[in-house]
Amino acid sequence: MKIKAFYEILAAPRQSIIITTSASLNRFLDKCLFILMLLPGVSTYVQSAEGVPGWCPTTLPFPARPEVDRQLAVDETYIIADEAELEENGLSVLEGNVEVTRNLQQISADHITYDQAREFATLSNDVEYWDDAMYLKSESGEVDYLNETSSFRNAFYFILDRRARGRAENIFHDNSSQITRLKRVTFTTCEPEDNFWKLSSSSVKLDHEEEWGSARNAVLRIKNVPVFYTPYISFPISDKRKSGFLTPSFGSTNRNGYEIQTPYYWNIAPEMDATLTPRVLTDSGLMIMGEYRYLLAQGRGEMNLEYLPSDSEHDNDDRSLFGFTHNQTFADRGSLFLTYNRASDSDYLQDFGSTINITSTQFLERRAEASYRGNWWQLTGRAQGYQTVDRTIPLTSRPYQRLPQVLFNAASPFKNRRINVAFNSQAAYFDRDDEGFPTEDVNGSRLDLYPSLSFPLYTPASFLVPKIGVRYTQYSLEDTGTQFKTSPSRVLPIASLDSGLFLERETQLFGKGLIHTLEPRAYYLYIPDENQTDLPVFDTGLYNFSFDSLFREDRFTSVDRVGDANQFTLALTSRLIQSRTGRELGYASLGQIYYLDEQDVVLPGMTPDDGDSSPLVAEIGTSIIDNLRLRGTIQWDPNDNKTEKLVAAAQYQPADNKVINLSYRVNRPPQTTSISSVTDIEQTELSLHWPITQRWNVLGKWTYALPERKNVDIFAGVEYKSCCWAFRTVARRFLTDINGEYNTGIFFQLELKGLAGLGRGTETFLEENIPGFKSELY
């Protein structure tokens, strides 16, 4: 019989049925909506459409959803059709322009039937589905509620938030086993009139319970030309990791020729994984690269290995690089750090390094360090050594090993207008060998103790900090020869007085309310002169001179030397701060040290500085003009009338993808800094990433050494981006060593929006070399 108790049949050319009860048709609708919402799982293994240019539509074009002329309550179902015949416990039919709406979900079809006895529904003739995440159009569909299965034929789909679309010849879902199977599937993020690329597969299986998917006979086509095929591929349909091949990468350099990498990812366990990468180098052979990562409850680590057997470009030697790093915390306040690195030969990094920073590496560190801190103290123990990669460094200039070193530092909680106590100490044994072969250098242990007292006086507008301390250093030496005693020692008092003012006033500039500050600072330091040539130098060098050096207690980096000082520093800093936001718009600093006595304590091979003042240091920076940042540093020595250091830099960045950097650097160390390898540097650098049209960008960097008239590092490239794909190519040539040898390479990257990229990834390299660069390919 006709169901009139549950539905209200409205007298109109088209019949509207409002379902407000949990009727059987309501259950049919729920199932239809549920199975249709599973379709985004087809593409959950691909990336989202982040990085789509702003001028692209946020979604691909698809038919607009039907309009509903009334306000529906939550979970209220609204059905409209040309004809409706509803039979209780029989066959219900909705015919002609059927539209079903519930919450954000809508279905339309020309014909829907529901067999309540069999709990079986069919949808036919232009089946369409909308929600806030996707649109689907199917030729027909069936839903079997009794067996919890459903299928749709010849379905077209649009995934809105990914700008993706595709089709499937058949979609079958088994809700009881949580398995979805699709046949003859395609996927792309290109608009219908573009079709630059398309991914297709003969069959796809999605296991929603295990959150894994697999595809067979997957083919990637670009401009309808097959460029990649795999008979089988598996992928996650959630954030869960799974073993399988990753995207291959390739490039070319003059040292290694053409190369291709095909990484394989191994998901060993939830807390550990590994990546094994065969790397084919046409000029050298087959290199095997491996990476192993692990997580612990309170730590993590990583191990890397590269192995190249019988390098044909290196006398058929077996070559390798190994690295291991571990970070760990324990007992809430403790930490552990381990690292070990080793290269098979001194040329390895130069031959296979991808940046000038890697190819110019001189030492590889090995270190084990544990630290624990209390409320007012910290204890650290370490063992540290190095492999000298640059074999041109003399044995006497290579670093000592610390075997071991223990540091204990303590300080009372800071109290204004009270005595503050601090205590720094360390004990270490130093040994120098060359890859296990002892040298004739002095070895031995060193103990250093430095207690100090300070009495800080702070107000909102001023500070005064007097400080006194005593440094005691004791050595126990071996292999001293005739140069050193076996147990030399040193005791030195240290006194300092630091003071400053903070003055401010309100002002205006270009209509902006500003705070203008004036911050004078004076610092006095006294350390008596003591001849320290009877002490060896284990780990001590000179700090690079800068504005911060004006207020440093010691000019040396460690305790083998304590610089004699009877000096005072005068400095002045002024800032412009935006009143409303607190943003610093500009600063200028000027300072200099004035020596009351000559500086006699030096490192071996250096000559004392007999000048009566340090270099004059000035720094300036501003961002008061929108999008433009300027900064400069100058270090001028009045004693030699010479500019020792000069940096002038500008950055113009009106948008994230538009940046130009320009800098000029001069570094002329004084003659007393070293007797060996320090050289003058005068370089210019230009880097940029700039759009020339809506779709095309240019990018590049040029570092040029002026005195040598030589390129240090130069690369240039172009980018093209559309709404569904992007392309970047970069050509590079950089200096690899002091002998003037260059490495030249060409790399490219093709990014298919919503799918993994092809080629060698260049975004990290560009971010490191073009300040302000942000990749738009993702």
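Calculation rules
- Residues numbered from 1 in each chain as written.
- Predicted model: local features only at pLDDT ≥ 70, side-chain atom pairs only at ≥ 80, totals over all residues.
- Heavy atoms only, no water.
- Patch = residues over 30% accessible without salt bridge, like charges linked within 9 Å, V, L, I, M, F, W, Y side chains within 5 Å.
- Areas by Shrake-Rupley, 256 points an atom, 1.4 Å probe, with all protein chains shown as cover.
- Salt bridge = Lys/Arg side-chain N within 4 Å of Asp/Glu carboxyl O.
- Lys, Arg positive; Asp, Glu negative; His and termini not counted.
- Charge placed at Lys NZ, Arg CZ, Asp CG, Glu CD.
- Helix = DSSP H or I, 4+ residues; strand = E, 2+ residues; numbered from the N terminus.
- Buried < 20%, exposed > 50% of the residue type's maximum accessible area, 1.4 Å probe, protein only.
- Core = buried A, V, L, I, M, F, W, Y, C linked by side-chain atoms within 4.5 Å.
- Phe/Tyr/Trp six-rings, centres within 6.5 Å; stacked < 30°, edge-to-face > 60°.
- Lys NZ or Arg CZ within 6 Å of the ring centre and 35° of its normal.
- Contact = heavy atoms within 4.5 Å.
- Pairing = 2+ DSSP bridges.

Enquirer: Is there a simple way to think about a negative patch on the surface in this case?
Expert: A cluster of like negative charges, contributed by Asp529, Asp597, Glu598, Asp600, Asp609, Asp610 and Asp640, occupies part of the molecular surface. Tracing the backbone shows Asp609 in the loop between strand S36 (584–595) and strand S37 (616–622). Residue classification places Asp609 among the partly exposed positions, given a relative accessible area of 31%.

Enquirer: Just to check I follow, could you spell out the nonpolar core for this structure?
Expert: Nonpolar side chains in soluble globular proteins tend to end up buried together. Core analysis: the biggest nonpolar cluster contains 42 residues, and Leu94, Ile112, Leu182, Phe196, Trp197, Trp725 and Leu752 have the highest contact counts within it. Listed in part, the 16 residues of the second largest apolar core include Tyr450, Leu492, Ile494 and Ala571.

Enquirer: Is there a simple way to think about the packing of aromatic side chains in this case?
Expert: Any aromatic ring pair is given by two values, namely how distant the centres are and how the planes are angled relative to each other. Applying the stated rule across the entire model yields 25 aromatic pairs. Taken together, a centroid distance of 6.5 Å and an interplanar angle of 25° make the contact between Phe330 and Tyr372 stacked. Remark: Tyr372 occurs in strand S23 (residues 363–373) and Phe330 occurs in strand S21 (residues 317–330); sequence separation between them is 42 residues. Given the relative accessible area of 32%, Phe330 is considered partly exposed. Their ring planes at 50° and their centres at 4.9 Å tell us that Tyr348 and Phe352 sit as a pair that is tilted. You can see Tyr348 and its partner Phe352 sitting in helix H2 (residues 348–352), 4 residues apart, about one turn around the helix. Judged by relative accessible area, which is 1%, Tyr348 ranks as buried. Since its relative accessible area comes to 11%, Phe352 is described here as buried. Each member of the aromatic cluster is reached from another via a ring pair, and the members are Phe330, Tyr372, Trp377, Phe408 and Phe423. It is Arg552 that lies over the ring of Tyr543; its NZ or CZ is 3.9 Å from the centre. Over the ring of Phe734 we find Arg732, and its NZ or CZ is 4.0 Å from the ring centre.

Enquirer: Is there a simple way to think about the environment of Asp317 in this case?
Expert: Relative to the assigned elements, Asp317 resides in strand S21. Overall, the relative accessible area of 32% leaves Asp317 in the partly exposed class. In contact with Asp317, not counting residues within four places along its chain, are Leu308, Pro309, Ser310 and Asp311.

Enquirer: Sorry if this is basic, but what is going on with the environment of Ile634 here?
Expert: Checked against the element boundaries, Ile634 lands in strand S38 (residues 628–637). With relative accessibility at 34%, the residue Ile634 sits in the partly exposed group. Filtering out sequence-adjacent residues up to four positions away, Ile634 remains in contact with Leu616, Val617, Ala618, Thr643, Lys645 and Leu646.

Enquirer: I tried to follow the pairing of strand S43 (residues 710–721) on my own but got confused; where do I start?
Expert: Here is the key point about a regular strand: its side chains alternate between the two faces of the sheet. When strand S42 (residues 696–705) meets S43, the two strands line up antiparallel, connected through 10 bridges. Across the sheet, residue Lys701 finds its bridge partner in S43, namely Phe715. Here S42 folds back onto S43, and the loop between the two strands holds 4 residues, one of which, Arg709, carries a positive phi near 50°. Relative to strand S44 (residues 725–735), S43 runs antiparallel, the two sharing 9 bridges. In the strand pairing of S44, Lys721 is matched with Ala726. Adjacent in sequence and paired antiparallel, S43 and S44 are bridged by 3 residues.

Enquirer: For this particular structure, what's the right way to read unusual backbone geometry?
Expert: For residues that are not glycine, phi is negative in most cases, and the peptide bond is trans in most cases. Looking along the chain, the bond that leaves Leu403 and enters Pro404 is cis, with omega of -5°. Take Pro404: it is sitting in strand S25 (residues 401–411). Positive phi values are uncommon outside glycine, yet Asp126 reaches one of about 60°. If you trace the backbone, Asp126 turns up in strand S6 (residues 120–130). Judged by its relative accessible area of 42%, Asp126 falls in the partly exposed class. Unusually for a residue other than glycine, Asn217 sits at a positive phi of about 55°. In this fold, Asn217 is placed in strand S12 (residues 212–222).

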